[in-house]
Amino acid sequence: MPADTAPAIADIGFPAALSKRAKRQLGVAGRTCVVRLVPDGFEIAGEEAGRMMLPFARIARMRVGFEETKSGTILLLRLWRVGERGTVAFGGNGDRRAYGRFVRAAVPRLIQERPDLPIETGSGWFVPIFAIGAFGALSLAAVGFMLYLAVTGDDWRIGLGALAVALILLAVLGPWVWSRHRPRRIARAEEIERALPGC
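A quick note: this is a predicted structure, and the numbers were derived from the prediction, not measured.

(A) Examining the packing of helix H3 (residues 126-151) against helix H4 (residues 160-181) more closely. Running from amino to carboxyl end, H3 crosses H4 at an angle of 165°, the nearest separation of the two axes being 9 Å. Taken together, H3 and H4 sit at an angle that is classed as roughly antiparallel. For H3 against H4, the interelement crossing comes out left-handed. The segment H3 lies against H4, with Val127, Pro128, Ala131, Ile132, Phe135, Gly136, Leu138, Ser139, Ala142, Val143 and Met146 engaging Leu160, Ala162, Leu163, Ala166, Leu167, Leu169, Leu170, Leu173, Gly174, Val177, Trp178 and His181. For the contact of H3 with H4, a count of residues per class yields 19 nonpolar, four polar and no charged.

Here is the structure:
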């Protein structure tokens, strides 16, 4: 893109939903905020009031990614701050293109400025552990049902269909959920594409 048509760095940002906890942490007001990339870090501006600057030097860890829900894809940005407990999370069914542009611009900057900084993709550990645990529980329940039928003298083969479905879910969807949602370290800027579904 020619220099005279490239967007200014202050224009690289995306709208995100704010939880009550995040609003207290950041000192901003409103249901949403805009997270912008600025020369030395991130600027978070509340929809109604408040503005906070988070320098790159104050970021201890960053995770970008998404979660699939019934209402669609929820875009996520999670930040750990130096000397602070917990994380600050930004999300929502926001502007995918703006989010994608922000992440593609922010990750190379952070890799350049803070090569030691852990940057990850993925939505977190909850989704893969929950999904695989649920598929495994279904498989065990089917085996237990078949054992019960065998002990009581009934036809235990009735449970084979349920066991087959549970094992297929575990074998096919388990690895897919694990590979797509678990946190993974980004070593190079080009690896960020795996965190940008449709962005």
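(B) Spotlight on the side chain of Glu43. Looking at the element boundaries, Glu43 is found in strand E3 (residues 41-46). Given a relative accessible area of 19%, Glu43 falls into the buried group. A distance of 3.1 Å separates the side chain of Glu43 from the side chain of Arg51, its partner in a polar contact. If near-sequence neighbours (up to four positions away) are discounted, Glu43 is found in contact with Val34, Val35, Arg36, Val38, Arg51 and Met52.

(C) A look at the packing of aromatic side chains. What the rule picks out here adds up to six aromatic pairs. Arranged with centres 5.2 Å apart and planes meeting at 85°, the rings of Phe14 and Tyr99 form a pair that is edge-to-face. With Phe14 in strand E1 (residues 13-17) and Tyr99 in helix H2 (residues 96-113), this pair connects stretches of sequence that are 85 residues apart. The exposure classification of Phe14 matches that of Tyr99, with both residues buried.

What counts, and at which threshold
Starting from 1, residues in each chain are numbered consecutively following that chain's sequence as written. Selection of residues for local features in this predicted model requires a pLDDT of at least 70, selection of side-chain atom pairs for listing and counting requires 80 or more, and totals for whole chains, interfaces and linings are taken over all residues. Hydrogen atoms and water are omitted, and side-chain values are computed over all heavy atoms in the structure. An axis is simply a line fitted to the C-alpha atoms; with a helix, the fit covers only the stretch in contact. Between two such axes, the angle follows the N-to-C directions and lies from 0 to 180 degrees. Under the DSSP-based scheme used, a helix requires at least four consecutive residues in state H or I and a strand at least two consecutive residues in state E, with every element numbered from the N terminus. Roughly parallel means an angle under 35 degrees; roughly antiparallel means over 145; roughly perpendicular covers 65 to 115; every other angle is labelled oblique. Crossing handedness follows the turn of the near helix against the far one: under a right angle anticlockwise gives a left-handed crossing, and clockwise gives a right-handed one. Note on contacts: a residue pair qualifies if any of its non-hydrogen atoms lie within 4.5 Å across the two residues. Following the grouping adopted for this structure description, the nonpolar residues are Ala, Val, Leu, Ile, Met, Phe, Trp, Tyr, Cys and Pro, the charged ones are Asp, Glu, Lys and Arg, and the polar ones are all others, Gly among them. Each residue's exposure class comes from its accessible area (1.4 Å probe, protein chains only) as a fraction of the maximum for that residue type: buried when under 20%, exposed when over 50%, partly exposed otherwise. Polar contact criterion, stated in full: a pair of N or O atoms within 3.5 Å, where within protein one must be able to donate a hydrogen and the other to accept it, and residues adjacent in sequence count only if both atoms are side-chain atoms. Any two of the Phe, Tyr and Trp rings considered here, Trp counted by its six-membered ring, make a pair once their centres fall within 6.5 Å; the pair's planes then place it as stacked at under 30 degrees, edge-to-face at over 60, or tilted in between.

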